[in-house]
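Next come the chains, spelled out residue by residue.
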Amino acid sequence: MAVLLHPSTVPIVDVFRSLSRLEDQYDLALLDGPEQALATYTQSETAKGIVSDALLLAFALTRQRGRPFIHRPVGSRHGSLDEYSLLTLIGASRGSSPEVALEAARHLDIVSLDFMSALAGDLVRQIELGAVAFDVPSLSEFRAIMGVGDVEEVVVETALTRTGFNFRHQ
């Protein structure tokens, strides 16, 4: 299953997607693409901050998880369930949805949520400086998309007033 990502979130996910290539080549120019794409949604300095914070979080998550993430190709709007869980974890790190953050962490096999939440919180603060924002799904919506629990219909609409995810439960 794939989740269709909003164009403004693709550069953020691309930082995580680029990590394996970065570890092989250690060429920071690989992050120029995501940074330039983010600059269309925010100021250049904020884009640099987002990439920097996302990179720190990506390294920490990869080390703690102990296995690679399932990623789609760089630039793809189709996100994997790992990528969806990652975006949900980042958004839920604002503290408004701790049960959703725990569920996303559980799917990602993250043991130490406190440390990851602090790093994700830094990333969210950078993201909120620009026009890149996303709403956190409810626990039932997250579980429905992840295929956990009872099957229910979840309608995903585009948001006309701001950039980001907009989930509506029916």
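Please refer to the structure higher up on the page.
Criteria and cut-off values
Residues numbered from 1 in each chain as written. Predicted model: local features only at pLDDT ≥ 70, side-chain atom pairs only at ≥ 80, totals over all residues. Heavy atoms only, no water. Phe/Tyr/Trp six-rings, centres within 6.5 Å; stacked < 30°, edge-to-face > 60°. Helix = DSSP H or I, 4+ residues; strand = E, 2+ residues; numbered from the N terminus. Buried < 20%, exposed > 50% of the residue type's maximum accessible area, 1.4 Å probe, protein only. Lys NZ or Arg CZ within 6 Å of the ring centre and 35° of its normal. Contact = heavy atoms within 4.5 Å. Polar contact = N/O pair within 3.5 Å; in protein donor to acceptor, adjacent residues only side chain to side chain. Axes fitted to C-alpha atoms, helices over the stretch in contact; angles between N-to-C directions. Left-handed = near helix turned anticlockwise from the far one by under 90°. Nonpolar A, V, L, I, M, F, W, Y, C, P; charged D, E, K, R; others polar.

Trainee: Kindly report on the packing of aromatic side chains, identifying the contributing residues and their values.
Mentor: In this description, a pair of aromatic rings is defined by centroid distance and the angle of the planes. One pass over the structure, following the stated rule, counts 1 aromatic pair. Ring centres 5.6 Å apart and planes at 15 degrees place the aromatic pair Tyr84 and Phe142 in the stacked group. In this pair, Tyr84 is assigned in helix 5 (residues 81-92) and Phe142 in helix 8 (residues 139-146), connecting sequence segments 58 residues apart. Judged by its relative accessible area of 1%, Tyr84 is buried. Looking at Arg65, its charged tip hangs above the ring of Phe69, at a distance of 4.3 Å from the centre.

Trainee: Describe the environment of Asp109, with residues and values.
Mentor: Here Asp109 is to be found in the loop between helix 6 (98-107) and helix 7 (113-127). Taking the relative accessible area as the measure of exposure, Asp109 reaches 37% and is therefore partly exposed. Sequence separation of Asp109 and Gln64 is 45 residues, and the distance between their C-alpha atoms is 8.4 Å. With residues near it in sequence (within four places) discarded, Asp109 still touches Arg65 and Arg67. Within polar-contact distance, the side chain of Asp109 engages the side chain of Arg67 at 2.4 Å.

Trainee: Break down the packing of helix 5 against helix 6 for me, with residues and values.
Mentor: Relative orientation of the contacting elements helix 5 and helix 6 amounts to 145 degrees, with a least axis distance of 8 Å. When you trace helix 5 past helix 6, the crossing you get is left-handed. Across the interface between the two elements, Leu81, Asp82, Ser85, Thr88, Leu89 and Ala92 of helix 5 pack against Val100, Ala101, Ala104, Ala105 and His107 of helix 6. Among the residues making up the contact of helix 5 with helix 6, the classes are represented as 7 nonpolar, 3 polar and 1 charged.

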